[in-house]
Amino acid sequence: MNSLLGRRARILAATTATAGLVFVAGCTSSGDGGGKTAAGGVELAKAGRLTTCTHLPYPPFQSEIDGKVQGFDVSLIDLVAKDLGVKQDILDTPFENFKTGAFLNSEQCDVAAAGMTITDERKKHVDFSDPYFDATQAVLVDKKSGITSLADVKAKGRKLGAQAQTTGEDYAKKQGFDPVSFESSDAVINGLRTGQVQAVVIDYPVVQGWLKDKANADAFQVVDNLNTGEQYGFTVKKGNRKLLDAIDKALKDAKADGTYKKLYEKWIGPYNASVASPSAS
């Protein structure tokens, strides 16, 4: 994992999907000259900015599109930033950071948004928002592979791939696999495309977006959908109750006024009402 942990953190442009505006880290605005306290008494790492840690790429939740970081997570955190009267900046960091909360603890980031599954182990290091997305794991294969299920991967002695440090990788290991680890979701899919592995376990929303491309859909298919009971949440530094409350309020309001549904359909696909009210994990 040296390449993952050694990856240089970088500030990227974030787009506000709801307002159509682009905010670039380092730009000044009329709100940047004050202190680091935002609306509701929320303390921020940087005046006038809500700094979000993520790990790129992870479409459709966050990825660079036309030079800007966009996606479902980005759009939802933009709603939080708007309520706080600030702008969102995005910091690309190693995924390991999200399990330990390192960048939150060092106050380099205020919130982490990375399509991250809520787990008891991660709760030891960070505080999670209310769940905002129900997720499942998919088993994706080349249509020519002859693989029909996850069990078939093992029975036929084929190589399985997964993204490092993720619940998908953890699930594969619990099923007795020794999966090939890849740094990002893009690298996982590229490993399948190039034949490094013959099947991958990966979050279904990622596959769902990738298979929208006809060329991909013609060559690859989902042979298993693994309902692991996963739910995604945003995280803050342990004890940062005011920011956590602001995030939960923004999520609740978005679900109530239809904004969540609109963003879901834009970034994920056909809307499933059950995801609007996931039970607390």
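Procedures and definitions
- Residues numbered from 1 in each chain as written.
- Predicted model: local features only at pLDDT ≥ 70, side-chain atom pairs only at ≥ 80, totals over all residues.
- Heavy atoms only, no water.
- Axes fitted to C-alpha atoms, helices over the stretch in contact; angles between N-to-C directions.
- Helix = DSSP H or I, 4+ residues; strand = E, 2+ residues; numbered from the N terminus.
- Parallel < 35°, antiparallel > 145°, perpendicular 65-115°, else oblique.
- Left-handed = near helix turned anticlockwise from the far one by under 90°.
- Contact = heavy atoms within 4.5 Å.
- Disulfide = S-S within 2.5 Å.
- Buried < 20%, exposed > 50% of the residue type's maximum accessible area, 1.4 Å probe, protein only.
- Arc of directions from axis to C-beta.

Colleague: I'd like to hear about the packing of helix H2 (residues 72-84) against helix H12 (residues 259-267), residue by residue, with values.
Modeller: In contact at an axis separation of 9 Å, H2 and H12 are set at 155° when each is read in the N-to-C sense. Looking at the two axes, H2 sits roughly antiparallel to H12. The two elements H2 and H12 cross, and the hand of that crossing is right-handed. Taking contact as the criterion, the partners of Phe 72, Ser 75, Leu 76 and Leu 79 in H2 are, on H12, Thr 259, Tyr 260, Leu 263, Tyr 264 and Trp 267.

Colleague: Can you break down the state of the cysteines residue by residue, with the values?
Modeller: Per the counting criterion, the structure on display carries one disulfide. Covalently, Cys 53 is tied to Cys 109 through a disulfide, its sulfur atoms 2.0 Å apart. Its S-S torsion of about 65° marks the bond between Cys 53 and Cys 109 as right-handed, since a negative value means left-handed. With Cys 53 in strand E4 (residues 49-54) and Cys 109 in the loop between helix H4 (102-105) and strand E8 (111-112), this pair connects stretches of sequence that are 56 residues apart. In this structure, Cys 53 and Cys 109 share a single accessibility class: buried.

Colleague: Go over H12, please, and point to the residues and values.
Modeller: Given 3.6 residues per helical turn, the α-helix brings residues three or four places apart onto the same face. Turning to H12, its buried residues are Tyr 260, Leu 263, Tyr 264 and Trp 267. Buried residues of H12, viewed axially, fall in a sector of 105°; they line one side.

Colleague: Got a sec to walk through the environment of Asn 97? Specific residues and values, please.
Modeller: Structurally, Asn 97 is set in helix H3 (residues 96-100). According to the relative accessible area criterion, Asn 97 is buried, its value standing at 6%. Along the sequence, Asn 97 and His 55 sit 42 residues apart, while their C-alpha atoms lie 9.2 Å from each other. Contact partners of Asn 97, with chain neighbours within four places excluded, come to Cys 53, Ala 102 and Phe 103.

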